[in-house]
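One-letter residues, chain by chain:
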Amino acid sequence: MHMIMSLDLNDEQRSKINKLSDELKHNNWATKGLIMDESAKLRDLYAADKRDPAAIGKEYQKIFDLQRQMIEAMITTQNRVEELLTPEQRTQLKNLHHKGAPMDKCPMH
């Protein structure tokens, strides 16, 4: 969010970007809750007297799938935010990324 907000945004852009960021955070809360639930199940599987590799693997897959959903939602939001930018602002953002900002980090955080 800091990189996006460092651009010279107009009030309408800033408002829409804040709304998109808030939506992403709100939607991810439910998914994060599910990840916590699955992590608790995973903990219990590891605590069993005899650990079941297949069951543990399935539980990890559920967690990975939930994490993937969050990643995809983040990328979708990034794309929606970038659609709000002018061509000049997109260029500025790209330049900010190239100056050492990690490309794999969400500008929404």
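Just so we're clear, the structure is a prediction, and the values are computed from it rather than from any experiment.

Analysis parameters
- Residues numbered from 1 in each chain as written.
- Predicted model: local features only at pLDDT ≥ 70, side-chain atom pairs only at ≥ 80, totals over all residues.
- Heavy atoms only, no water.
- Helix = DSSP H or I, 4+ residues; strand = E, 2+ residues; numbered from the N terminus.
- Contact = heavy atoms within 4.5 Å.
- Buried < 20%, exposed > 50% of the residue type's maximum accessible area, 1.4 Å probe, protein only.
- Expected span 1.5 Å × (residues − 1).
- Arc of directions from axis to C-beta.
- Phe/Tyr/Trp six-rings, centres within 6.5 Å; stacked < 30°, edge-to-face > 60°.
- Core = buried A, V, L, I, M, F, W, Y, C linked by side-chain atoms within 4.5 Å.

Asks: So what's going on with the environment of Arg80? Residues and values would help.
Replies: Looking at where Arg80 falls in the secondary structure, it is placed in helix α3 (residues 53-83). Placed 64 residues apart in sequence, Arg80 and Lys16 show a C-alpha to C-alpha distance of 9.8 Å. Not counting residues within four places of it along the chain, the set of residues in contact with Arg80 comprises Leu20 and Glu23.

Asks: Tell me about the side chain of Asn28, and name the residues and values.
Replies: For Asn28, the location among the structural elements is in helix α2 (residues 11-47). In this structure Asn28 comes out as buried when scored by relative accessible area, which is 10%. Residues in contact with Asn28, not counting those within four places in the same chain, are Met70 and Ala73.

Asks: Please set out helix α4 (residues 87-98) residue by residue, giving values where relevant.
Replies: Helix length check: α4 (12 residues) gives 17 Å between terminal C-alpha atoms against 16 Å at 1.5 Å per residue, within 8%. Regarding α4, the residues found buried are Gln89, Leu93 and His97. Summarising the axial view, the buried residues of α4 lie within an arc of 85 degrees, below the 170-degree limit, and thus occupy one face. Across from the buried face of α4, at angles greater than 90 degrees, the exposed residues are Pro87, Glu88, Lys94 and His98. Of the surrounding elements, those touching the buried residues of α4 are α1 (2-5), α2 and α3.

Asks: Got a sec to walk through the environment of Thr31? Specific residues and values, please.
Replies: Mapped onto the secondary structure, Thr31 falls in helix α2. The class for Thr31 is buried, based on a relative accessible area of 12%. As a C-alpha pair, Thr31 and Ile63 span 32 residues in sequence and 9.7 Å in three-dimensional space.

Asks: Mind laying out the packing of aromatic side chains, listing which residues take part and the relevant values?
Replies: The tally for this structure, following the rule as stated, stands at 2 aromatic pairs. Ring geometry for Tyr46 versus Tyr60: centroids 6.4 Å apart, planes at 80 degrees, classification edge-to-face. Residue Tyr46 is found in helix α2, and its partner Tyr60 is found in helix α3; the two are separated by 14 residues along the sequence. For Tyr60, a relative accessible area of 30% corresponds to the partly exposed category. Through successive ring pairs, a cluster of aromatic residues spans Tyr46, Tyr60 and Phe64.

Asks: Go over the nonpolar core with me, naming the residues and quoting the values.
Replies: In terms of nonpolar packing, the biggest core is built from 9 residues, these being Met3, Ile4, Leu7, Leu9, Ile17, Leu20, Val81, Leu85 and Leu93. Counting 6 residues, the second-largest nonpolar core is a separate cluster that includes Ile56, Ile63, Leu66 and Met70.

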